[in-house]
Structures are given as structure tokens and as C-alpha cells.
Amino acid sequence: MITRFLNFRTPSFFYWIFTPSLDGFLFALRTTIAACLSLGIALWLELDSPIWAPMTVWSVAQLSRGESLSKARWRIIGTLTGGVAALIFVGIYPQAPWLFFPLIALWIGLCSGLATFVSNFRSYALVLSGYTCAIICMDVVPYTGSIFMFAVSRASYIILGVLCEAFIGLLFAFNQDRLAHLKIRQKLESALTLVADTLGHILQRDTSALTEARKLFGTILSINDQIEFAELEMGAHGHEGDHARAALAAVSALLSRSFGMATRLELLSSNHQDFDTVAKAFRQFLQGFSTRLPKEEEISELLAELQHLRDICRRYATPHRQKVISTPGQTTMLEDKTTIITHSALDERILFSSLGDLIGDLEEAITEYHASTHSVRGDHFQFQRHTYRDGRLAFNNGFRAALTILVTSFIYEITAWSNGNTLISITALICGLFATKENPVLGTIKFLKGLAVGWCVAWVLCFIFIPMVTTYEPLILILSSVMMVGGLARANPATAPAASAFNLLMPLMLGIQNHHVIDEAKFYNTNLAIMLAGVTAVLIFRSILPFNRKAEEFRLRRATLRELRNLASLHSTPQISAWIGHSTDRFSRLLSHVTTMTPRVEAGIQGTLATLTLGLNIIRLRGLLNREYLPESARRPIMLVLHHIEHASRRHGRAARITRAAIRRLRELDTQDHEAIIRLEITRALTHLVVIEHTLRTNENFLDASKPFRGESPIPLPHDEDSYAGHPQRA
């Protein structure tokens, strides 16, 4: 619109300046105002380093208010922790640099490593405590007796910047709490609708639906990360966020169960009239699901219909039933239909049991979704999200950060450079920024570009414009125009990495003080230290323990298979939420490394999700063992299957054969005169064993933890079709 009004063609590279998005423009405007306000207050208070206040504003500012509030809160916590650490370290080794600098490096390495174990801005708080400690310690090196005042001063800049950003952000927040509730609701509705469509296609035996289902995991993970920020935007709230996370966990379990359902539909005998009728009823329910879910008055009816369908599945899955099943008039898809089942086929009972569990997961997801849309008085529900903690990645990040500090400290010691302390401080800051990224190599070059642009802009401002002004108003007029451009670049995804470096460090290069402007010698010395800090950090992070995508995939796959074997151990107590959380976390990291969807990558994704489904069926199979309804003759083959899965680290052919034998044995036991509850448990056990055997057989190469997976086709194993398809004489 602006371009059209001015009637000139926008340069393609600078389109984000002339035609920004509304959100990007508002972000740049509010952050620029907050940064100028914080600088004005810092100058008015005559703080010794006023430029750190606007630096904090740009460090905290995020495109969404929830992210900004979260980062601001954790920045204050990290600053206070780093200040306390600086007081302790300077007090321990005030005159022993060869002990002091390694201690600082160890602290930064520890903070960078621990930051890998937590998510979102909690990791930022940890790295911030590391480099805040280094900045305070380096500032006070010539004046160790003033450490307390330096720590208080540093904390003052941070808190001032955070408060200014929060205040201006609040002025720009329109109906923030209502929009946050609406945002969570819309995201959950989107996830549930996509899953419902996928389930409908799977029940129609559409194999392409499995590919769509795999893509949904990435969507679920992105929604999960945004719930925490939406909670902060709500202000005072109940446990809506916990219910939203629980709903997403139920959706993840539902997707995984849908993979198992597709496997059973493929393997088990077909032409089950009663199952087809109920499945058709469920598909018709799913077709109108997306239009009914947003309506508050429809939720209770949706849950009632699902409960009814689940009851039907439960009855059909129960053996030795001689009963007429009629459906109420409210379910139009089955109305006026009566079915008499006396000896339902075992395969059909397995399918009904699986469909009933699938409906139960959908029912749970809708219940949690409904609870997330409003606050419930007296609600104390809490949901713990499980994330995968990667010890190897933590060590790599910590080691690189500590090594970088040791290198710059060594340079400082042997050169006695007057700006060596600045070199160490800024190096610690940049290492903290890199350490929060799984693959820091990706953004290093763009970071250097932003740093170089910042140096050029700072040179122009320091030697041309700033010497011309002596009061606050014209100074802010000059700085605000530069900050506004930096904010627009930060809001543009293509230029965001470079803009982050520019916005953060360009103000520091200006060296603005209350009573004087920076001279040439100080400008070049200070900014040379800043540029060298960026180059040193980039070189070390790119050359020491560099990121290797294939090695990362192999390591994550081995971690998944190791946890899978632990699920089968009778000495462990697995949790479905933990397995889903760890697996989806690793899966999201694998997806983040993918640049091109090759057949090998597609095979790896398929193997990862097949392993997730395999683990869930193992956990549920162990749940059947814990209920102790199964007779010893049925428990022994199941325990033998779990034993072979637990101890199979390379080939799983033997485990697959043992599972097929267990399936045959349980089919034989089902024909014997057992109580209904025992035969029902046998049916449920077969429901899981069928999927376990198929996954072990068709993912033989992926499950081999001794070598990297190269997308090989599964090794064909002989299998007995009778293990799957039941026959009338056996059922």
C-alpha cells in the first residue's frame, strides 16, 4: 500500500522496509519507543553505562507479547543469579587470574550445558546467568573492591529495560487476555480437526492418510511451545494451559493409535459386517466434527455420541455374547438397525477393541479441549510435559562455550590489551546466544553479517550525526530511525538472525555516555573487541565439535531404541506421557534438520513414528500383565516377547518370530472355555501383539541400533498368515 501510494517500485531486497506486515510494524514501533524511553531514563539517572538499558529492551522484545513477558521474567531471574555468582567468584579469587578465568569459563560452560535440558526461555535464563556473571566480573577487574556496586548497577540496567519494554508493550496490547484464550482455542480446534480428518481416511483404508498423519506431529509440537506464552498473555488464569497441553498429549496418543489401527486393518481378515457398520457410523461422526466442535452447546452431545459408540465397541469386543444390540435414535448413522451376535470372529473382536480405544482417546482429547476453553473453579489439574534431555548436546555446547572463554582470556592475559575485558564479556554473551541453539552453525554467518552492518552504522552515527547533537531529543530522533529499521528487519524471517545481532550490539558500539561522546581511539578499540568476540565465537562453534546431521540422527535413533528396550523391561515403570513426550521431542529435532524430503528421510520419519507406535503397544501390553487377569498360559508367551525385545539391540527377527508364536498361542487359548473377562483380556493382548509383530518385521533395519539407518528396505522375514487372520474353526 505504501509503495503504491508513493508510486515507485520496491527493491526486492528491502521489501520488508517499505511493505512490512502490520504485526512487524507494531513490533518495531513499540520496541523502538521502549528502547528510547529506557535510554532517556538511564541518562536522566546518570547511570554509568546507560546504553545497556536499550540493549536489554531489544534482547527481551519478541514478536508476541507472551514471548516477551516470558523472556523478561526469565531475564530478571538469570541476571540476579549471574550477579550473585559474580560476587562469589570475585570474592574467592580476587588476585588470581589463572584460577579466576578458568572458573568463569567453567561457570559459563555449566550454564550453557544445563540450558540444553530445558525449553523456551528457561534455557535463556541459564545462559544469561552465565554471561551476566562474566560481564560483571570483567567490568570490575580493575576495581575488585567495587564488585557489589557493579553488580547492583548491572541489575539496574536490566530491570529498567525490562520494565520499559513491559510498559510500552502493555499499551500496545489490545484485548490481550481474550485474544490469548481465542488463540489457544483455535489452535486446539485446528489440531483436533486435522486428526479427525486423518482418522476418517484411515478407517476408509486410505494409505495416503498415514503420510498426512506424520506431518501432524510437527504441528502439535509447535502448538505445545506456544501454549506457555499464551498463558502469560491471559494474565490471571486457572489451569487452561495444563488442559491444553493434556489435550495435545491425547491427540499425539490418538495419532499413534491410528497408526496401529491402520496396521490391524491391513493385516486382519476383512468382511466384518458389524465392524464396517460401526466404523461407518464413526466416519460419519467425524465428517461433521469440524463444524460442531467450536459450538459450546455441541460438546456434551459429541461426548455422549462418542461414549455410545465406545459402548458398542466394548460390547462387540466381549466374547460369548448372545444379546441384541440396538442403537438409540440420536445416532442417525445406526438408527433402526439391530444386530444379533452369538460367536463374533476373533479378528472382528480385535478390531472392535482397537476402535473402542481410539474413540476413548478422542473422547479424552475433546474433554481436555473443553476444559481449556474456560476457567473452572476449584480446578487443581496439572500436566507435566516430558522433554528429552540430550547429554551429548549439553556437553558439546558447554565445552565449546568454556573453550571460547579460555581462548579469549588467554589473549587478554598475554597481550594486556586494555579492552581485553570487553573481548571476554562480549564473547560470553555471544556464546550464550549460540548455546541455546541445537545447531549453532546455521546462524553464525548471518550473525557476523549483522555484526558487520552494526559496526558500519555505528561508525556513521558516531562520527557524523551524534557529534552534532548535545540534547536528548535530537539524539533520540537519530537513534529511533535506525532502531525502527532494525526492528522491521527483526520482524522479517529472512533477516531476523542478522537483525538480532544488529539490534543487540549496535547500541553498545555507540558508547553513549551522559557527559561526553566516544572518541576515535575508544571507538576503534571497543568495537574491535566486539568484532573479534564475534569472530572468535563463530570460529570455535563452527570448528570444535561441529554439528553433523547424520551423526545426530544416528545418536537420536539409538537413544529412542535404548528407551524402547527399557519399556519392555519388567523392572521399569514406563509412562505413556513420558514416552510420547520424549519421542515427539526427538522427532521434532529430526524434522528441524530436514532441508529436502528424500526417500531416506521419509523412511527415517516412518521408522521413528513406527517405533513410537511400537513403544505405546509395549506399554499397554505391560498394563495388561499388571492387571493379572490373564492366565499363566497367556502371560508366559507375552513375557517371552518382552524379554526378546528388551535384549534385541541389533536384529529383531527372533523377537518377531517369538511374537508370531505368541499370537498363535493366544488364538488357541481364546478357543478354550475361559471366563469372558479372560477372553476379553486375551483379545486386548492380541490387539497389541499384532501391531508389535508387524512393526518388528517391517522395520528390521531401522530397529538395528548398531549402525546408521540409510533408508534400506526391510529384510523379508517368513511369516505365517495364520498368525493374523483368524479362521472360523479357530475362533
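As a convention, each chain's residues are numbered from 1 in the sequence order in which they are written. Local features in a predicted model are, by the rule used here, given only for residues with pLDDT of at least 70; side-chain atom pairs are given and counted only at 80 or more, and totals for whole chains, interfaces and linings are based on all residues. Derived side-chain values reflect all non-hydrogen atoms in the structure, with water molecules and hydrogen atoms excluded from consideration.

*Asks:* What am I meant to see in the environment of Glu 305 here?
*Replies:* In this fold, Glu 305 is placed in helix 14 (residues 299-317). Put simply, Glu 305 and Phe 282 are 23 residues apart on the chain and 9.4 Å apart in space, counted from C-alpha to C-alpha. Only 3.0 Å separates the side chain of Glu 305 from the side chain of Arg 292, close enough to count as a polar contact. Elements are defined by DSSP. Helices are runs of H or I of four residues or more, strands are runs of E of two residues or more, and each kind is numbered from the N terminus. For the purposes of these results, a polar contact is taken to be a pair of N or O atoms within 3.5 Å, where, inside protein, one atom must be able to donate a hydrogen and its partner to accept one; residues adjacent in sequence count only when each atom of the pair is a side-chain atom.

*Asks:* Teacher, can you tell me more about the UniProt feature "transmembrane region" (unreviewed entry) in the protein here?
*Replies:* UniProt positions are given in the numbering used here, feature names are shortened, and annotations may be inferred rather than shown by experiment. Mapped onto this structure's residue numbering, the UniProt feature "transmembrane region" (unreviewed entry) falls at residues 74-93, 99-118, 125-151, 157-175, 393-412, 418-435, 447-466 and 524-545. Along residues 125-151 one finds 74% helix and 0% strand; the C-alpha atoms at either end are 17 Å apart. The distance separating the terminal C-alpha atoms of residues 393-412 is 29 Å; by composition the span is 100% helix and 0% strand.

*Asks:* Where do I start with helix 27 (residues 676-698) in this structure?
*Replies:* Because an α-helix completes one turn every 3.6 residues, residues spaced three or four positions apart along the sequence face the same direction. To estimate how far a helix should extend, the number of its residues minus one is multiplied by 1.5 Å. Spanning 23 residues, helix 27 covers 33 Å between terminal C-alpha atoms, matching the ideal 33 Å at 1.5 Å per step. Buried, partly exposed and exposed residues are distinguished by accessible area as a fraction of the type maximum, computed with a 1.4 Å probe on protein chains only: under 20%, between the cut-offs, and over 50%, respectively. Within helix 27, 19 of the 23 residues are buried, which leaves it mostly tucked inside the rest of the structure.

*Asks:* Just to check I follow, could you spell out the nonpolar core for this structure?
*Replies:* To qualify as a nonpolar core, a set must consist of buried Ala, Val, Leu, Ile, Met, Phe, Trp, Tyr and Cys residues joined through side-chain atoms within 4.5 Å. Grouped together as the largest cluster of nonpolar side chains are 97 residues, with contacts concentrated most on Phe 282, Phe 289, Leu 355, Leu 362, Ile 618 and Ile 638. Pairs of residues are marked as contacts when any of their non-hydrogen atoms sit within 4.5 Å. Ignoring sequence-local partners within four residues, the contact set of Leu 355 consists of Leu 203, Met 261, Phe 275, Val 278, Ala 279, Phe 282 and Cys 313. In this structure, Trp 58, Cys 137, Ile 466 and Leu 504 belong to the second largest nonpolar core, which totals 92 residues.

*Asks:* Hey, could you run me through the packing of aromatic side chains in this one?
*Replies:* Both the distance between ring centres and the angle between the ring planes are used here to describe each pair of aromatic rings. Aromatic contacts are taken between Phe, Tyr and Trp rings whose centres are within 6.5 Å, Trp giving its six-membered ring; a plane angle under 30 degrees counts as stacked, one over 60 as edge-to-face, and the others as tilted. All told, the structure shown has 18 aromatic pairs when counted by the stated rule. Between Tyr 316 and Phe 352 the ring centres are 4.4 Å apart and the planes differ by 40°, which places this aromatic pair in the tilted class. You can see Tyr 316 sitting in helix 14 and its partner Phe 352 sitting in helix 15 (residues 346-372), a full 36 residues away along the chain. With respect to burial, Tyr 316 and Phe 352 carry one shared label: buried.

*Asks:* Just checking my understanding: could you explain the environment of Thr 611 for this structure?
*Replies:* Within the secondary structure, Thr 611 is located in helix 24 (residues 599-627). Given a relative accessible area of 1%, Thr 611 falls into the buried group. Between the C-alpha atoms of Thr 611 and Ser 583, which are 28 residues apart in sequence, the distance is 8.8 Å. Excluding residues that lie within four positions of it along the chain, Thr 611 makes contacts with Thr 560, Leu 561, Leu 564, Trp 579, Phe 702 and Leu 703. Engagement of the side chain of Thr 611 in a polar contact is seen with the backbone oxygen of Gly 607, the distance being 2.7 Å.

*Asks:* Mind showing me how you'd approach the packing of helix 3 (residues 22-44) against helix 8 (residues 147-171) here?
*Replies:* Packed helix pairs are characterised by how far apart their axes lie and by the angle those axes make with each other. Two elements in contact, helix 3 and helix 8, have axes whose closest approach is 9 Å; the angle formed by their N-to-C orientations is 140°. With respect to helix 8, the axis of helix 3 lies oblique. Both helix 3 and helix 8 take part in a crossing whose hand is right-handed. Across the interface between the two elements, Arg 30, Ile 33, Ala 34, Leu 37, Ser 38, Ile 41 and Ala 42 from helix 3 touch Leu 160, Gly 161, Cys 164, Glu 165, Phe 167, Ile 168 and Gly 169 from helix 8. Throughout, the ten residues Ala, Val, Leu, Ile, Met, Phe, Trp, Tyr, Cys and Pro are labelled nonpolar, Asp, Glu, Lys and Arg are labelled charged, and all others, Gly among them, are labelled polar. Grouping the constituent residues of the contact of helix 3 with helix 8 by class yields 9 nonpolar, 3 polar and 2 charged. Every axis in this analysis is a line fitted to C-alpha atoms, fitted for helices over the stretch in contact. Angles between the N-to-C directions lie between 0 and 180 degrees. For this classification, under 35 degrees means roughly parallel, over 145 means roughly antiparallel, 65 to 115 means roughly perpendicular, and everything else is oblique. For any pair of crossing helices, the crossing counts as left-handed if the nearer helix is rotated counterclockwise from the farther one by less than a right angle, and right-handed if it is rotated clockwise.

*Asks:* Which parts of the structure should I look at to understand unusual backbone geometry?
*Replies:* Most peptide bonds adopt trans geometry, and most residues besides glycine take a negative phi value. Residue Ala 416 is not a glycine yet carries a positive backbone phi of 55°. Inspection of the secondary structure assignment puts Ala 416 in the loop between helix 16 (391-415) and helix 17 (420-435).

*Asks:* In this structure, what is going on with the confidence of the model for the protein? I would like to understand it.
*Replies:* Note: predicted coordinates in regions of low pLDDT should not be interpreted at a detailed level. pLDDT measures the predictor's confidence residue by residue and takes values from 0 up to 100. Mean pLDDT over the protein works out to 81, with 86% of the residues at or above the 70 mark. Put simply, strand 2 (residues 338-341) is where the protein has its lowest mean pLDDT, 33, and helix 19 (residues 472-491) is where it has its highest, 92. pLDDT under 50 marks residues 1-8. Its contacts with residues more than four places away, or in other chains, come to 7 contacts. Low pLDDT, under 50, characterises residues 725-731; the predicted model gives this stretch 15 contacts beyond four residues in sequence or across chains.

*Asks:* How do you make sense of a nonpolar patch on the surface when you look at a structure like this?
*Replies:* Patch membership requires over 30% relative accessible area and the absence of a salt bridge. Like charges are linked within 9 Å, and nonpolar side chains (Val, Leu, Ile, Met, Phe, Trp, Tyr) within 5 Å. Using a 1.4 Å probe, accessible areas were evaluated by the Shrake-Rupley method; residue-level cover was limited to the displayed protein chains. When a carboxyl oxygen of Asp or Glu is within 4 Å of a side-chain nitrogen of Lys or Arg, the pair counts as a salt bridge. Taken together, Val 84, Leu 87, Ile 88, Ile 92, Phe 148, Met 149 and Val 152 make up a surface patch of nonpolar side chains, about 640 Å² in accessible area. Broken down by secondary-structure element, the contributors of at least two residues to the nonpolar patch are helix 5 (65-92) and helix 8. The element best represented in the nonpolar patch is helix 5, accounting for 4 residues. Among the structural elements, Ile 92 can be located in helix 5. Taking the relative accessible area as the measure of exposure, Ile 92 reaches 45% and is therefore partly exposed.

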